[in-house]
Amino acid sequence: MRDSSIFASAPEALYRLAVAASRSVIVVGTAKNAGKTTAFNALRAVAQRRGVAIAVTSIGRDGEPSDALDVEPKPRVRLAPGTLVALAAGLLPRTPALAILETGAPSALGATVFARVEIATTCEIAGPPTARAMRATIDRLRTLGTGPVFVDGAIDRIAPLAGGDDAVILATGAVSGATVARVAQVAAAAVQRLTLPGRDPAHERARVVQVHGALDARDAEALLADARDATVVIDDPTRIAVRGALFATLRATVDLRCERPLRVVACTTSPVGRDASLEPRALVEAVARATGLPAFDVVADLAA
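Rules used throughout
- Position labels on residues start from 1 in each chain and follow its written sequence.
- Residue-level local features of this predicted model are given only where pLDDT is at least 70; pairs of side-chain atoms are given and counted only at 80 or more, and the full residue set underlies all totals for whole chains, interfaces and linings.
- Only hydrogens and water are set aside; all other atoms, that is, all heavy atoms of the structure, feed into the side-chain values.
- Each helix corresponds to a stretch of at least 4 residues labelled H or I by DSSP, and each strand to a stretch of at least 2 residues labelled E; elements are numbered beginning at the N terminus.
- Given a helix with a known number of residues, its expected span is that number minus one, times 1.5 Å.
- For the exposure calls, accessible area comes from a 1.4 Å probe over protein chains only, and a residue counts as buried if that area is under 20% of its type's maximum, exposed if over 50%, partly exposed in between.
- Here a residue-residue contact requires only that any non-hydrogen atoms of the pair lie within 4.5 Å.
- DSSP bridges decide pairing: two strands pair if at least two such bridges lie between them.
- Between N-to-C directions, angles span 0 to 180 degrees; the directions come from axes that are lines fitted to C-alpha atoms, helices contributing only their stretch in contact.
- Think of a salt bridge as a Lys or Arg side-chain nitrogen and an Asp or Glu carboxyl oxygen that are within 4 Å of each other.
- Cavities and pockets are defined on a 1 Å grid built over the protein atoms alone: a cavity is a set of grid points where a 1.4 Å probe fits but cannot escape, while a pocket is an open set with protein on both sides within 12 Å along at least five of seven lines, and lining residues are those with an atom within 4 Å of any such point.
- Grid points are joined across faces, edges and corners, and a volume is the space filled by probe spheres set on the points.

K.L.:
What exactly am I supposed to notice about helix 4 (residues 180–194) here?
P.N.:
Owing to its 3.6 residues per turn, the α-helix aligns residues three or four sequence positions apart on the same side. For helix 4, which comprises 15 residues, the first-to-last C-alpha distance of 21 Å matches the rise-based estimate of 21 Å (1.5 Å per residue) to within 8%. Every buried residue of helix 4 is accounted for by Val 183, Ala 184, Val 186, Ala 187, Ala 190, Val 191, Arg 193 and Leu 194. Close packing links the buried residues of helix 4 with strand 12 (167–173), helix 6 (244–253), strand 16 (264–270) and helix 7 (280–291).

In C-alpha cells form, the structure reads like this:
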C-alpha cells in the first residue's frame with residue numbers, strides 16, 4: 001500500500017497508468033453508482049491540469065443532474081476549452097460553448113455531433129447506440145485530436161470495444177456489497193471475466209469448441225460434462241452470463257478463451273454506498289489484492 005500523498009496523487013497515478021496503456025481509456029462500473037463517472041472526471045481533471053487537450057464521449061448517457069430511475073444526484077461532466085466531445089445533437093448546450101466540427105451516426109437524441117469546446121461548459125454526453133458506430137466514434141475522436149480519449153462506459157455495453165487496443169478501468173465500491181470482503185470479491189469476479197485471454201492457435205488443445213452468443217449456466221454445465229479436454233472459445237468476455245463458483249470451476253477446468261479480448265489495467269474504489277460506508281484504505285487494499293491490479297481511490301487519494 002502506498003499513500004499517494006507521498007508520491008504522485010492517486011488521480012495522477014491512475015492517469016499515467018491509463019494513458020501509457022492506450023490512447024483510448026474506457027471507465028466501466030461493476031454496478032450503477034460504483035463511481036465510474038467520478039473516476040472519469042478525475043482523469044479529465046488531471047489532463048486539464050497538465051494542459052492536455054483530450055476527447056470524451058459516453059457509452060450510454062452520463063452527466064445528467066440526477067438518475068432517471070432513482071432520482072439520485074449524479075456527478076456532472078464539465079468540459080474545459082479545447083476538449084473534443086462526441087455527443088447527441090439533442091444534448092448540445094444552448095450556448096455558444098461548442099464549435100461543431102462534423103456529424104456522425106444517428107441516435108434517438110439526434111445525430112452524433114463531433115465538437116470542440118470553446119467555452120468551459122457543463123453538459124450531458126451520450127454517444128451513438130450501436131456497437132459499430134461507437135467503435136467508429138472513438139476512432140474518429142482519436143483522429144481529430146492528438147490527446148487521449150476518455151469514455152464513460154458501461155460494463156454491459158462494452159462488447160463493441162472488445163478486441164481493440166483500448167484500456168479499461170473497472171470502478172467498484174460499496175454499492176456492490178456491505179463489507180470490504182464482499183466488494184473485493186465482486187471486483188475480482190468481474191476482472192476474472194473481463195480479462196479472459198484471447199485465442200492462441202499455437203497453444204490450443206486438440207479439440208476446440210466454439211460458443212456463439214451468451215455462455216450461460218446451462219452451457220457451463222454441458223462444457224464441464226463434455227469438454228474438459230477442450231479449448232472453449234467465446235466471442236468476447238461480455239458474453240459470459242455465468243457467475244460465481246460455477247464460472248470459477250469452468251475456467252479452472254477448461255481452456256477458456258475469447259476471440260476479442262479486453263484489456264483491464266486498473267480498478268477504482270468508492271467506499272460510500274446507499275446502505276454501507278466502508279473504510280477507504282482497507283477497501284482499496286482489498287480490491288488490489290483480490291484483482292491483482294493497481295487500485296485507486298481518486299477521492300480519498302489512496303493507491304494500492
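K.L.:
What is the right way to look at the environment of Leu 250 in this model?
P.N.:
By the secondary structure assignment, Leu 250 is in helix 6. Between the C-alpha atom of Leu 250 and that of Asp 216, which follows or precedes it by 34 residues, the distance is 11 Å. Residue contacts for Leu 250: discarding those within four places in its chain leaves Leu 215, Ala 220, Leu 223, Leu 224 and Leu 256.

K.L.:
Can you help me understand the sheet that holds strand 14 (residues 230–234) in this one?
P.N.:
The strands making up a sheet associate through hydrogen bonds between their backbones, and the pairing can be parallel or antiparallel. If you walk across this open sheet you meet the three strands as 13-14-15, and the pairing is parallel. Whereas interior strands pair on both sides, the edge strands pair on one side only; in this sheet they are strand 13 (207–211) and strand 15 (255–258). Averaged over all pairs of adjacent strands, the angle between their axes in this sheet comes to 25 degrees, without regard to strand direction. Summarising the sheet, strand 13 and strand 14 pair through five bridges and their orientation is parallel. Note on strand 14: the bridge partner recorded for Val 211 is Ile 234.

K.L.:
Whenever I open this one, the pattern of salt bridges confuses me. Can you help?
P.N.:
Side chains that differ in charge, positive against negative, can pair when their charged atoms come close. A complete count under the given rule lists 14 salt bridges for this structure. In this structure, Arg 50 engages Glu 12 in a salt bridge whose closest nitrogen and oxygen atoms are separated by 3.0 Å. With Arg 50 in helix 2 (residues 36–50) and Glu 12 in helix 1 (residues 10–21), this pair connects stretches of sequence that are 38 residues apart. Arg 50 gets classed as partly exposed once you look at its relative accessible area, which sits at 40%. Here Glu 259 makes a salt bridge to Arg 199, at a shortest N to O gap of 3.0 Å.

K.L.:
When you look at empty space enclosed by the protein in this model, what are you seeing that I'm missing?
P.N.:
Unfilled space is identified by rolling a water-sized probe across the atoms. In total, this model carries one cavity of 30 Å³ or more according to the counting rule given. As a volume, the largest cavity reaches approximately 30 Å³. If you go around the largest cavity, the residues you meet are Leu 161, Gly 163, Gly 164, Asp 166, Pro 261, Leu 262 and Arg 263.

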